[in-house]
Amino acid sequence: MGDISKDINSTFVNNRVKALINIIYTANWINSHQNEFFKPFGISPQQFNILRILKGAGKPIKVQTIKERMVERAPNATRLMDKLCAKQLINRLACVDDRRVVHIEITSQGLNLLDIIAKDFNENLLENLTEEEALTLSDLLDKIR
């Protein structure tokens, strides 16, 4: 099991500072692992997030709605969607009532990719935690925000 003090060879003024550094360090560790995990699928973690949002919506939704629901608010969300569209994982649909509005839907290829990814993705980074520990961690992270 990791120990932030040993991992970065440092001591901390108090446990709050240690916890904050540990959160930042762990977030970067998770980002690195996710980037490596998604490489073979040809998508980024942010693109995966967009696909999950679309699947969860169950219907075409506005680009702005996708941006609001993203875990990591990406200023380049439109570019991410351009790439997903080029890979035929999503479709853009013009709004008949307002030409300025574009709706996005996930394609069957996008749904298939999510099914393939789900087999390996769901719990691999948190496999060392029990369900109770995962709930406690989630509650503590919510409390911080």
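Just so you know, the residues in each chain are numbered from 1, in the order the chain's sequence is written. This being a predicted model, a pLDDT of at least 70 is required before a residue's local features are given, and a value of 80 or more before pairs of side-chain atoms are given or counted; all residues contribute to the totals for chains, interfaces and linings. Side-chain figures throughout are based on the complete set of non-hydrogen atoms in the structure, without hydrogens or water.

Colleague: Looking at this model, I keep getting lost on the pattern of salt bridges. Mind explaining?
Modeller: If charged atoms from side chains of opposite charge come close, those side chains can pair. Basic side-chain nitrogens of Lys or Arg form a salt bridge, by our definition, when they fall within 4 Å of a carboxyl oxygen of Asp or Glu. For the coordinates displayed, the defined rule picks out 5 salt bridges. Its salt-bridge partner being Asp82, residue Arg92 comes within 2.2 Å of it at the nearest N-O pair. With Arg92 in strand E2 (residues 90-94) and Asp82 in helix H5 (residues 77-86), this residue pair connects regions lying 10 residues apart in the sequence. Whether a residue is buried, partly exposed or exposed follows from its accessible area with a 1.4 Å probe, protein chains only, as a fraction of its type maximum: under 20%, in between, or over 50%, in that order. Judged by relative accessible area, which is 35%, Arg92 ranks as partly exposed. Among the residues examined, Asp82 registers a relative accessible area of 37% and is labelled partly exposed. A salt bridge links Arg100 to Asp98; the shortest N-O distance between them is 3.1 Å. Numbering of helices and strands runs from the N terminus; a helix is a DSSP stretch of H or I covering at least four residues, while a strand is a stretch of E covering at least two.

Colleague: I tried to follow unusual backbone geometry on my own but got confused; where do I start?
Modeller: Excluding glycine, a negative phi dihedral is what most residues carry, and trans is how most peptide bonds are arranged. One non-glycine residue with positive phi stands out, namely Asn9, at about 50°. Inspection of the secondary structure assignment puts Asn9 in the loop between helix H1 (4-7) and helix H2 (15-38). Phi is positive for Gln88, close to 60°, though the residue is something other than glycine. Relative to the helices and strands, Gln88 resides in the loop between H5 and E2.

Colleague: How should the packing of helix H3 (residues 45-57) against H5 be read in this particular structure?
Modeller: The packing of two helices is summarised by the inter-axis angle and the distance between the axes. Two elements in contact, H3 and H5, have axes whose closest approach is 10 Å; the angle formed by their N-to-C orientations is 80°. The orientation of H3 with respect to H5, classified from their angle, is roughly perpendicular. For the pair formed by H3 and H5, the contact residues are Gln46, Gln47, Ile50 and Leu51 on the first element and Ala77, Leu80, Met81, Lys83 and Leu84 on the second. A per-class count over the contact of H3 with H5 returns 6 nonpolar, 2 polar and 1 charged. Here an angle of 0 to 180 degrees is reported between the N-to-C directions of two axes, which are lines fitted to C-alpha atoms, with helices fitted over the stretch in contact. Any angle that is under 35 degrees is reported as roughly parallel, and any over 145 degrees as roughly antiparallel; angles of 65 to 115 degrees are reported as roughly perpendicular and all others as oblique. The contact criterion used throughout is that any non-hydrogen atoms of two residues lie within 4.5 Å. Residues are grouped as follows: Ala, Val, Leu, Ile, Met, Phe, Trp, Tyr, Cys and Pro are nonpolar; Asp, Glu, Lys and Arg are charged; all remaining types, including Gly, are polar.

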